[in-house]
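In case you want the letters, here they are:
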Amino acid sequence: MKINQKFIPASNTFTRPGIKMNPEYITIHETDNTAKGANDEAHARLQYNGNSRQASWHFQVDDDSIYQSLPTNEVGWHAGDGNGPGNMKSIGIEICVNSDGNFNNAVENAAWLTHHLMNIFKIPISNVVQHNRWSGKNCPRNLRSGSKGISWNDFITLVKSDIKTEVAKVEKKISFYTGGYSGESLLKIHNFLIQKGYYFKPSRNDGGSLSFEIGQFTEGTLKAKEMENFLKGINAWYQIK
């Protein structure tokens, strides 16, 4: 998977202390933020703009992407153990739990990232741990309880098996193309795209009406399906490329 980088500015020493680290552990968290739109990009933006509390983590993962906020050789304030090994020796991964996302897919992506980091830093599976280990906090809450149908043991199994699937897991990016709209349909599409924060590129065709290129999406994800269902719902013409 592609890892998008949106690093906390080095000038923000409140949440990016700049302390060098040789990671020995990977610590798994959940964001506990179930609000719609509270995906990985939103949490990366929060960190980039300056978290109001002294908390920071290296990666945030949702159902279709990964964002990195700290270099893996720097300390983040995520483990709740002060200058203990959770903060000083571990990479923090936050799994998004936004209600408009797919938690199981987010967990799968976090497992891929965990395995990827294990390979880079030669971290054993025994050093992939819960936030709970460092501070006693009930985190990652859903994995600990298994309330969403996937447990901590399932996550560790995914990490172990990911070596077999890493090469085979290939993403296909798609864009939606809609055309020939004016009036009410155009307004509906425009408002929907603005509301969702989706990228779109309007262009005027020979007939004087507007068409849109909307993208990019990962094929088969909830966001791609939501876009297609919306276009079907208003009987819009569209094609996927």
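Calculation criteria
Residues numbered from 1 in each chain as written. Predicted model: local features only at pLDDT ≥ 70, side-chain atom pairs only at ≥ 80, totals over all residues. Heavy atoms only, no water. Helix = DSSP H or I, 4+ residues; strand = E, 2+ residues; numbered from the N terminus. Buried < 20%, exposed > 50% of the residue type's maximum accessible area, 1.4 Å probe, protein only. Contact = heavy atoms within 4.5 Å. Areas by Shrake-Rupley, 256 points an atom, 1.4 Å probe, with all protein chains shown as cover. Lys, Arg positive; Asp, Glu negative; His and termini not counted. Charge placed at Lys NZ, Arg CZ, Asp CG, Glu CD. Polar contact = N/O pair within 3.5 Å; in protein donor to acceptor, adjacent residues only side chain to side chain. Pairing = 2+ DSSP bridges. Core = buried A, V, L, I, M, F, W, Y, C linked by side-chain atoms within 4.5 Å. Expected span 1.5 Å × (residues − 1). Arc of directions from axis to C-beta.

Trainee: Is there a simple way to explain the overall build of the protein in this structure?
Mentor: The number of helices and strands found in the protein is 8 helices and 10 strands. Oriented by its inertia axes, the alpha-carbon framework of the protein measures out at about 65 × 40 × 30 Å. Out of the 241 residues in the protein, the part that is buried amounts to 48%. At a minimum sequence separation of 6, the contacts of the protein that also span at least 24 residues come to 72%. A total accessible area of about 12,000 Å² is found for the protein, and carbon and sulfur atoms account for 47% of it. In the protein, the 27 positive side-chain charges and the 23 negative ones have mean positions that sit 2 Å from each other.

Trainee: What am I meant to see in the side chain of Glu 30 here?
Mentor: You can see Glu 30 is positioned in strand β2 (residues 25–30). Polar side-chain contacts of Glu 30 include one of 2.8 Å to the side chain of Asn 142. Here Leu 143 takes part through its backbone nitrogen, which lies 2.9 Å from a polar atom of the side chain of Glu 30. If we ignore the near neighbours within four places in the chain, the residues touching Glu 30 are Glu 94, Ile 95, Val 97, Phe 103, Cys 139, Pro 140, Arg 141, Asn 142 and Leu 143.

Trainee: For this particular structure, what's the right way to read the pairing of β2?
Mentor: A regular strand carries its side chains on alternate faces of the sheet. Summarising burial for β2: 6 of the 6 residues are buried, a large majority. Burial of β2 is two-sided: the residues Tyr 25, Thr 27 and His 29 facing one way and the residues Ile 26, Ile 28 and Glu 30 facing the other way are all buried. One ladder, built from 6 bridges, connects β2 with strand β5 (residues 90–95); its direction is parallel. In the sheet register, Tyr 25 faces β5, and the bridge partner there is Ser 90.

Trainee: Hey, could you run me through the pairing of β5 in this one?
Mentor: Buried residues dominate β5, accounting for 6 of its 6 residues. What you see with β5 is no split at all: Ser 90, Gly 92 and Glu 94 on one side and Ile 91, Ile 93 and Ile 95 on the other are buried throughout. In this sheet, β5 lies alongside strand β3 (residues 59–61) in parallel orientation, the contact comprising 3 bridges. Bridging from a neighbouring strand, Val 61 pairs with Ile 95 of β5.

Trainee: Can you walk me through the environment of Leu 158 in this structure?
Mentor: If you trace the backbone, Leu 158 turns up in helix α6 (residues 152–165). The exposure class assigned to Leu 158 is partly exposed, which follows from its relative accessible area of 25%. Between the C-alpha atoms of Leu 158 and Val 129, which are 29 residues apart in sequence, the distance is 14 Å. The contacts of Leu 158, once residues within four sequence positions are left out, are Val 107, Glu 108, Ala 111 and Ile 150.

Trainee: For this particular structure, what's the right way to read unusual backbone geometry?
Mentor: Cis rather than trans, the peptide bond between Cys 139 and Pro 140 has omega equal to 0°. With respect to the element layout, Pro 140 can be found in the loop between α4 (131–135) and α5 (141–145). In this structure, Asp 32 is a non-glycine residue whose phi angle is positive, near 65°. Looking at the secondary structure, you find Asp 32 in the loop between β2 and α1 (40–49). One non-glycine residue with positive phi stands out, namely Lys 122, at about 55°. On the secondary structure map, Lys 122 appears in the loop between α3 (103–121) and β6 (128–130).

Trainee: How should the nonpolar core be read in this particular structure?
Mentor: Within soluble globular proteins, side chains that are nonpolar generally end up buried alongside one another. Ranked by internal contacts, the top residues of the largest apolar core, which has 30 residues, are Ile 28, Leu 143 and Phe 155. Of all the secondary structure elements, the ones that give two or more residues to this core are β2, β3, β5, α3 and α6. For this core, the leading source of residues is α3, giving 9 residues. One finds Phe 192, Ala 224, Met 227 and Ala 236 within the second-largest nonpolar core, a separate group that totals 18 residues.

Trainee: Before we go on, may I ask you to explain helix α8 (residues 222–233) in this structure?
Mentor: Because each turn of an α-helix spans 3.6 residues, side chains separated by three or four positions end up pointing in the same direction. Over its 12 residues, α8 extends 16 Å from the first C-alpha to the last, a length consistent with the 16 Å expected when each residue adds 1.5 Å. When α8 is considered as a whole, its buried residues turn out to be Ala 224, Met 227, Phe 230 and Leu 231. In a view along the axis of α8, the buried residues occupy a sector of 130°, so they form one face of it. Immediately downstream of α8, the backbone of Asn 235 shows phi near 55°, a positive value.

That is the geometry; function is a separate question.
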